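Each chain is listed here by its residues.
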Amino acid sequence: MSLPVIAIVGRPNVGKSTLVNRIVGRREAIVEEQPGVTRDRKELETDWRGRRFLIVDTGGWMAAGDGLDAKVSEQAERAIKGADVVLFVTDATVGVTEDDDKVAAVLRRAKRPVLMVVNKVDSEHRETDAWDFARLGLGEPTAVSALHGRQVGDLLDAVFERLPPPGPEELPADDTLKVPSIAVVGRPNVGKSTLFNRLIGDDRSVVHDQPGTTRDSIDTVVETPDGPIRFIDTAGMRRKSKIVEGTEYYSLVRALQTVDRADAAMLVIDASEGVTHQDQRLAERIDVAGSPVLIVLNKYDLLGADARAEISEEVADRLAFLGYAPVLKISALTGKGVQRLLPAIQEAIEAYHRRVPTRELNEVVQAAQAQQPAPNARVLYATQGATDPPTFTLFTNRALPAPYLRYLERRIREHFGFGPTPLKLRVRSRTS
Ligand code: GDP
Ligand code: GDP
């Protein structure tokens, strides 16, 4: 199967490897040293907006020394042969060099889409340094900072637009191919089995049992109008007459293991008993796992008006650290409210994998700051470094107070509709 190929060219030290690492990020790329081609040719597989592609880093092709001329063109020519898009990386702090001119000449002759990348533009004040590179005749320069991730998302958007249309053999990225998995967790007797059987008892659903990820466990895949969902470790929940659950402790341990393997968790709470200490412990553990969570208040049918007000307060109070999680009030017994669960899960998982446009992110952050500036500090630039969960890095002149971070998180969450998905914000400042 052939994936689109992105070749990275440029003279040494402009930041090619840094850029590749930035693009591939923490997405656990498959690193393949390709034997036979050249020792230094590195191919990394990654994906962007659901398309997979190979990045060919030509890092070590050009050694300093004699015969630079020949080597420059050889490097460029070999890299662009077969590449769908070429990223020509240069260094804003150095400016246009003779070697850049030579690479550019080769690239102009080649009939390949080229993106003119000017690296080391670490702040917007340095943006004008990039303009000079327009004279290399390879289109408008894209100013990035590979080191800080600045504008790298925009660059990838530009790459994405230049990729050839996907061939029939090109499979979707693993993220989209994978059936999202859900862990249903909660103390014994809160109504997990009743709820689960109600979910799969729906006429629309086609249900398959599949071997689970651990020995003895059985997962259940449910077809929904929005695609399949895998429920993890459902053996106990599917049986009509349940096996003895074992001790409360044992079932807790097992529940925690399912959380680690799942893309999202449903925390089922017996609303008639309130939020107990055990519920809190489970919630904390889910929070640590960092996956999206839905708080399901079951047995709502048993609650009178007073108890309903009380349970909402308890959730706000005892599960405050899951503040972003939606709270669904249901009765598994009567089926009331149950139909909202699967759409809510789908939405949570979608948001978990989402990547937002860098420009729009910065607009949101700037607008938030204009409306309510932080005391003595300023976010200069924001970037989304990763998904699963969406992780944002804020580059600031000083450390930001925690309440202000929460304010920015809320603004980002609201603007992009991240809903129940946990977000991570990291701050990089000169003084912290
Ligand atoms: P390569 O030889 O082209 O692969 O370059 P490297 O990725 O090894 O980077 C060369 C040097 O430039 C390293 O010291 C990097 O830390 C630095 N560098 C890379 N990108 C940036 C950037 O965006 N800004 C700054 N200030 N330095 C960078
Ligand atoms: P699990 O141990 O968490 O799987 O809990 P079960 O599904 O076995 O339910 C425990 C008990 O709670 C059973 O007697 C269920 O009939 C009852 N139950 C479950 N859901 C509800 C509900 O929404 N309302 C009421 N009143 N009872 C429920």
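Reading guide: rules and limits
Residues numbered from 1 in each chain as written. Chains lettered and ligands numbered in written order. Predicted model: local features only at pLDDT ≥ 70, side-chain atom pairs only at ≥ 80, totals over all residues. Heavy atoms only, no water. Near = heavy atom within 4 Å. Polar contact = N/O pair within 3.5 Å; in protein donor to acceptor, adjacent residues only side chain to side chain. Areas by Shrake-Rupley, 256 points an atom, 1.4 Å probe, with all protein chains shown as cover. Helix = DSSP H or I, 4+ residues; strand = E, 2+ residues; numbered from the N terminus. Nonpolar A, V, L, I, M, F, W, Y, C, P; charged D, E, K, R; others polar. Salt bridge = Lys/Arg side-chain N within 4 Å of Asp/Glu carboxyl O. Buried < 20%, exposed > 50% of the residue type's maximum accessible area, 1.4 Å probe, protein only. Pairing = 2+ DSSP bridges. Axes fitted to C-alpha atoms, helices over the stretch in contact; angles between N-to-C directions. Contact = heavy atoms within 4.5 Å.

Section: the site of ligand 1
Here comes step 1: Taken together, 14 residues are adjacent to ligand 1, and Asn13, Lys16, Ser17, Thr18 and Asp122 come closest.
Here comes step 2: At 3.1 Å from an oxygen atom of ligand 1 is found a main-chain nitrogen or oxygen belonging to Leu147.
Here comes step 3: Summarising the interface, the protein chains cover 71% of the accessible area of ligand 1, which totals 580 Å² for the free molecule.
Here comes step 4: With 3 residues, the single largest contributor to the shell around ligand 1 is helix α1 (residues 16–24).
Here comes step 5: Of the residues that constitute the shell around ligand 1, the class distribution is 4 nonpolar, 6 polar and 4 charged.

Topic: the pattern of salt bridges
Here comes step 1: By the definition in use, this model includes 16 salt bridges.
Here comes step 2: A salt bridge links Lys102 to Glu98; its shortest N-O distance comes to 3.9 Å. Taken together, the positions of Lys102 and Glu98, both in helix α3 (residues 98–109) and 4 residues apart, correspond to about one turn of that helix.
Here comes step 3: Lys102 sits in the partly exposed class, given a relative accessible area of 25%.

Digging into the sheet that holds strand β15 (residues 379–386)
Here comes step 1: If you walk across this open sheet you meet the 3 strands as β15-β16-β17, and the pairing is mixed. Looking at strand neighbours, the two that pair on one side only are β15 and β17 (424–429), the edges of this open sheet. Taking each pair of neighbouring strands and ignoring which way they run, the sheet shows an average axis angle of 25 degrees.
Here comes step 2: Relative to strand β16 (residues 391–396), β15 is paired through 6 bridges, and the arrangement is antiparallel. By the bridge assignment for β16, Thr383 is matched with Thr393.
Here comes step 3: Its contacts with the sheet place helix α12 (residues 358–371) against β15 and β16, and it is angled at close to 140 degrees to β15.

Nothing here speaks to function; it is geometry throughout.
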